[in-house]
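Commentary on secondary and tertiary structure
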Amino acid sequence: MKFFVDTADVDAIRELNDLGFCDGVTTNPSLIAKSGRDILEVTKEICDLVDGPVSAEVVALDSDTMIAEGRKLAKIADNVVIKLPLTLDGLKACKVLSGEGHKINVTLCFSANQALLAAKAGATYISPFIGRLDDINIDGLDLIEDIRTIYDNYGYETEILAASIRTVNHISDCAKIGADVITAPANVIKAMANHVLTDKGLAGFVKDIKAAGIKIL
Ligand code: E4P
């Protein structure tokens with residue numbers, strides 16, 4: 001399973017990249033706004049830092065302007081993935097830009113039917129938002145499962161990029177279902193290392209090390 005980091009915070013990306021936990025990056029307009037930086041400048045810096053795909057999202061709502069913005073974003077670096085919203089205009093832009101050989105991440109997916117259309121439009125990635133579905137009492141993981149079934153039924157190569165990940169359990173559940181990629185905030189990915197029994201066990205070892213004066217170096 002590939003791990004993308006869902007942020008435009010370069011320091012957070014660098015930390016996870018150094019740990020080997022950053023196979024790519026996703027950004028969105030809200031994350032760019034939070035960084036307080038220019039979209040073209042920060043996207044370039046992230047692309048230089050990370051070997052894997054970096055999703056950069058268009059801001060227009062009509063397909064013609066999305067296509068122009070997508071072409072401009074793609075010029076930033078070879079690893080840019082153009083992120084488009086799941087609207088009919090976004091799908092139209094997806095069809096055109098994927099036809100030109102660009103990699104596309106279709107975002108804001110909340111239904112299996114939307115995911116089916118994105119695959120038919122040539123999306124490289126589909127981003128179903130788990131957490132935002134959970135927020136309205138719909139199980140986001142059911143959507144990941146449905147898309148997995150549909151894509152496998154027909155051999156679609158579009159990768160399922162589980163997004164809007166809020167908890168560590170979302171990540172293990174997505175792995176069990178067979179999502180190709182998860183994108184999560186850096187703190188959620190780092191929290192995967194935590195376990196209360198690890199902390200308790202280590203505290204016991206530290207006590208015994210001190211008591212016995214065990215030294216290696
Ligand atoms: C995905 O590409 C989005 O950037 C992101 O996962 C949205 O997450 P949120 O619902 O926590 O804002």
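Residues numbered from 1 in each chain as written. Predicted model: local features only at pLDDT ≥ 70, side-chain atom pairs only at ≥ 80, totals over all residues. Heavy atoms only, no water.

The chain is annotated in an unreviewed UniProt entry as Probable transaldolase from Pacificibacter marinus. UniProt, in the comment section headed Pathway (unreviewed entry), describes the chain in these words: "Carbohydrate degradation; pentose phosphate pathway; D-glyceraldehyde 3-phosphate and beta-D-fructose 6-phosphate from D-ribose 5-phosphate and D-xylulose 5-phosphate (non-oxidative stage): step 2/3." (UniProt positions renumbered as here; feature names shortened; annotations may be inferred.)

1. Remarks on the pattern of salt bridges
For the structure on display, the rule yields 12 salt bridges. K190 is the partner of E15 in a salt bridge, and the nearest nitrogen-oxygen pair spans 3.1 Å. Residue E15 is located in helix 1 (residues 10–19), and its partner K190 is located in helix 10 (residues 186–191); the two are separated by 175 residues in the primary sequence. Overall, E15 belongs to the partly exposed group, its relative accessible area being 38%. (Salt bridge = Lys/Arg side-chain N within 4 Å of Asp/Glu carboxyl O. Helix = DSSP H or I, 4+ residues; strand = E, 2+ residues; numbered from the N terminus. Buried < 20%, exposed > 50% of the residue type's maximum accessible area, 1.4 Å probe, protein only.)

2. Overview of the UniProt feature "active site" (unreviewed entry) in the chain
Following the UniProt record, one finds the feature "active site" (unreviewed entry) at K83. With respect to the helices, strands and loops of the structure, K83 is situated in strand 4 (residues 80–85). With near-sequence residues (within four places) excluded, K83 lies in contact with T26, T27, N28, S55, A56, E57, V58, N105 and T107. (Contact = heavy atoms within 4.5 Å.)

3. Here's the deal with the state of the cysteines
Scanning all chains against the criterion turns up zero disulfides. Of all cysteine sulfurs in the structure, the one in C47 sits closest to C22, which takes part in no disulfide; the separation is 11 Å. Left without a disulfide partner, C109 is nearest to the cysteine sulfur of C94, which lies 12 Å away. C109 gets classed as buried once you look at its relative accessible area, which sits at 0%. (Disulfide = S-S within 2.5 Å.)

4. Some details on the pairing of strand 8 (residues 181–184)
On strand 8, burial covers both faces: V181 and T183 on one face and I182 and A184 on the other are all buried. Two elements, strand 1 (residues 2–6) and strand 8, share four bridges in a ladder whose sense is parallel. Among the inter-strand pairings, F3 is bridged to a residue of strand 8, identified as I182. Following the backbone out of strand 7 (residues 159–162), through helix 9 (residues 168–177) and into the adjacent parallel strand 8, one traces a crossover that is right-handed. (Pairing = 2+ DSSP bridges. Right-handed = clockwise from strand over helix to strand, strands pointing away.)

5. A few points about the packing of helix 4 (residues 63–74) against helix 5 (residues 88–99)
One can describe the packing of helix 4 onto helix 5 by two numbers: an axis separation of 8 Å at closest approach and a directional angle of 45°. The orientation of helix 4 with respect to helix 5, classified from their angle, is oblique. Helix 4 and helix 5 meet at a crossing whose hand is right-handed. Here helix 4 contributes S63, M66, I67, G70 and R71 to the contact with helix 5, which in turn contributes D89, G90, K92, A93, V96 and L97. Taken together, the residues of the contact of helix 4 with helix 5 break down into five nonpolar, three polar and three charged. (Axes fitted to C-alpha atoms, helices over the stretch in contact; angles between N-to-C directions. Parallel < 35°, antiparallel > 145°, perpendicular 65-115°, else oblique. Left-handed = near helix turned anticlockwise from the far one by under 90°. Nonpolar A, V, L, I, M, F, W, Y, C, P; charged D, E, K, R; others polar.)

6. Concerning the environment of H170
Mapped onto the secondary structure, H170 falls in helix 9. Spatially, the C-alpha atoms of H170 and A184 are 9.6 Å apart, while their sequence positions differ by 14 residues.

7. Section: the packing of aromatic side chains
Overall, the coordinates contain four aromatic pairs when judged by the stated rule. With 6.4 Å between their ring centres and 45° between their planes, Y154 and Y156 make a pair best called tilted. For Y156, a relative accessible area of 25% translates into the label partly exposed. Through a chain of ring-to-ring contacts, three or more aromatic side chains come together here, namely Y151, Y154 and Y156. (Phe/Tyr/Trp six-rings, centres within 6.5 Å; stacked < 30°, edge-to-face > 60°.)

8. Brief notes about the environment of G178
Mapped onto the fold, G178 is located in the loop between helix 9 and strand 8. The exposure class assigned to G178 is partly exposed, which follows from its relative accessible area of 27%. Measuring from C-alpha to C-alpha, the distance between G178 and T26 comes to 20 Å, with 152 residues separating the pair along the chain.

9. Re a negative patch on the surface
On the surface, a cluster of negative charge is made up of D134, D139, D142, E145 and D146. At three residues, helix 8 (residues 140–154) tops the list of elements feeding residues into the negative patch. Tracing the backbone shows D139 in the loop between helix 7 (130–135) and helix 8. (Patch = residues over 30% accessible without salt bridge, like charges linked within 9 Å, V, L, I, M, F, W, Y side chains within 5 Å. Areas by Shrake-Rupley, 256 points an atom, 1.4 Å probe, with all protein chains shown as cover. Lys, Arg positive; Asp, Glu negative; His and termini not counted. Charge placed at Lys NZ, Arg CZ, Asp CG, Glu CD.)

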